[in-house]
Amino acid sequence: EYALAWYNVALDFYNLAKENKTGIDILSNEKFEKLTRDSVVEAENALSAFEGDKTDLERRLNGAKTSLQKGWFDSALFDSKSVIALIAAENINAKINLDSGFTELEKQINELQSRIDASKSTFIWSRLYLDHAKYYLDSANYYKANGFSSKALASIQNGLSLALMAQSFYDSVSQVNAFLEN
């Protein structure tokens, strides 16, 4: 299911790149390739410094590397950015308590929602992940109101991971759009 979802993302970007009216081919654009390679290196460095469970992160990074080798720069960019976002979420989650977690999740949601609303692009994947983060915020509020603090904190942590993933999608799409518009 995960692989199919990413295949569809890559296919959407491939078709967008083929049909863009700017004449810029991000599929063979050296600057876009460098941006993607730099993102993969950033993900590698973040992962090597990360002390938590690396299983999912390594799978994502390996996907980014494979995509990069095949010249699928858009897919490699998304996978590498997801590694960076999930590590950032884990680092934040390790430091928060219930109250600070609510504050952080609400801040992440509100800031990204404002950016999406102000944009001309649709940011479908960002909206999907952001809506999921909002669900976890609502879930955390429910658990907190009913005295289930540990479940509330777990919901906050899941929500933060999703919110940061939404942000990574937003950033990646913005980077792709910038190449197509310039």
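Criteria and thresholds
- Residues numbered from 1 in each chain as written.
- Predicted model: local features only at pLDDT ≥ 70, side-chain atom pairs only at ≥ 80, totals over all residues.
- Heavy atoms only, no water.
- Axes fitted to C-alpha atoms, helices over the stretch in contact; angles between N-to-C directions.
- Helix = DSSP H or I, 4+ residues; strand = E, 2+ residues; numbered from the N terminus.
- Parallel < 35°, antiparallel > 145°, perpendicular 65-115°, else oblique.
- Left-handed = near helix turned anticlockwise from the far one by under 90°.
- Contact = heavy atoms within 4.5 Å.
- Nonpolar A, V, L, I, M, F, W, Y, C, P; charged D, E, K, R; others polar.
- Salt bridge = Lys/Arg side-chain N within 4 Å of Asp/Glu carboxyl O.
- Buried < 20%, exposed > 50% of the residue type's maximum accessible area, 1.4 Å probe, protein only.
- Phe/Tyr/Trp six-rings, centres within 6.5 Å; stacked < 30°, edge-to-face > 60°.
- Core = buried A, V, L, I, M, F, W, Y, C linked by side-chain atoms within 4.5 Å.

Quick look at the packing of helix H5 (residues 98-117) against helix H7 (residues 149-181)
Angle between the axes and distance between the axes: these two values describe a pair of packed helices. Between H5 and H7, the least distance of the axes is 9 Å, while the angle of their chain directions is 25 degrees. Viewed along their axes, H5 and H7 adopt a mutual orientation that is roughly parallel. Between H5 and H7 lies a crossing whose hand is left-handed. Here Leu 98, Gly 101, Phe 102, Glu 104, Leu 105, Gln 108, Leu 112, Arg 115 and Ile 116 of H5 come into contact with H7, specifically with Ser 149, Ala 152, Leu 153, Ile 156, Gly 159, Leu 160, Ala 163, Leu 164, Ala 166, Gln 167, Tyr 170 and Asp 171. In terms of residue class, the contact of H5 with H7 is built from 13 nonpolar, five polar and three charged.

Quick notes on the pattern of salt bridges
Here the structure, examined in full by the defined rule, presents nine salt bridges. A salt bridge links Lys 144 to Asp 99, with the nearest nitrogen and oxygen atoms 3.5 Å apart. Here the residue Lys 144 occupies a position in helix H6 (residues 124-145), and Asp 99 occupies one in helix H5, the gap between them amounting to 45 residues. For Asp 99, a relative accessible area of 52% puts it in the exposed group. When the shortest N-O distance is used, the salt bridge between Asp 171 and Arg 115 registers 3.7 Å. Of this pair, Asp 171 sits in helix H7 while Arg 115 is found in helix H5, placing the two residues 56 residues apart along the sequence. In this structure Arg 115 comes out as partly exposed when scored by relative accessible area, which is 36%.

Details of the side chain of Thr 36
Mapped onto the secondary structure, Thr 36 falls in helix H2 (residues 30-49). The exposure class of Thr 36 is buried, given its relative accessible area of 0%.

What about unusual backbone geometry?
Trans peptide bonds make up the majority, and among non-glycine residues the majority have a negative phi. Even without glycine at this site, Phe 123 takes up a positive phi of about 50 degrees. Structurally, the position occupied by Phe 123 is in the loop between H5 and H6. Judged by relative accessible area, Phe 123 falls into the buried class, the value being 5%.

Comments concerning the packing of aromatic side chains
Inspection of every chain in the model, using the stated rule, returns eight aromatic pairs. Aromatic side chains Tyr 142 and Tyr 143 sit 5.6 Å apart centroid to centroid with 65 degrees between the ring planes, which places their arrangement in the edge-to-face category. Using a relative accessible area of 23% as the deciding quantity, one classes Tyr 143 as partly exposed. By the ring-pair criterion, three or more aromatic residues cluster together here, those being Phe 78, Trp 125, Tyr 129 and Phe 169.

Considering the nonpolar core
Counting 45 residues, the largest nonpolar core has Leu 57, Leu 105 and Ile 156 as the members making the most contacts within it. Those elements that place two or more of their residues in this core are H2, helix H3 (55-69), helix H4 (73-93), H5, H6 and H7. No other element matches H7, which puts 14 residues into this core. Those residues in contact with Ile 156, other than ones at most four positions away along the chain, are Ile 96, Leu 98, Gly 101, Phe 102, Leu 105, Leu 137 and Ala 140.

Bear in mind that shape data such as this cannot, by itself, settle questions of function.
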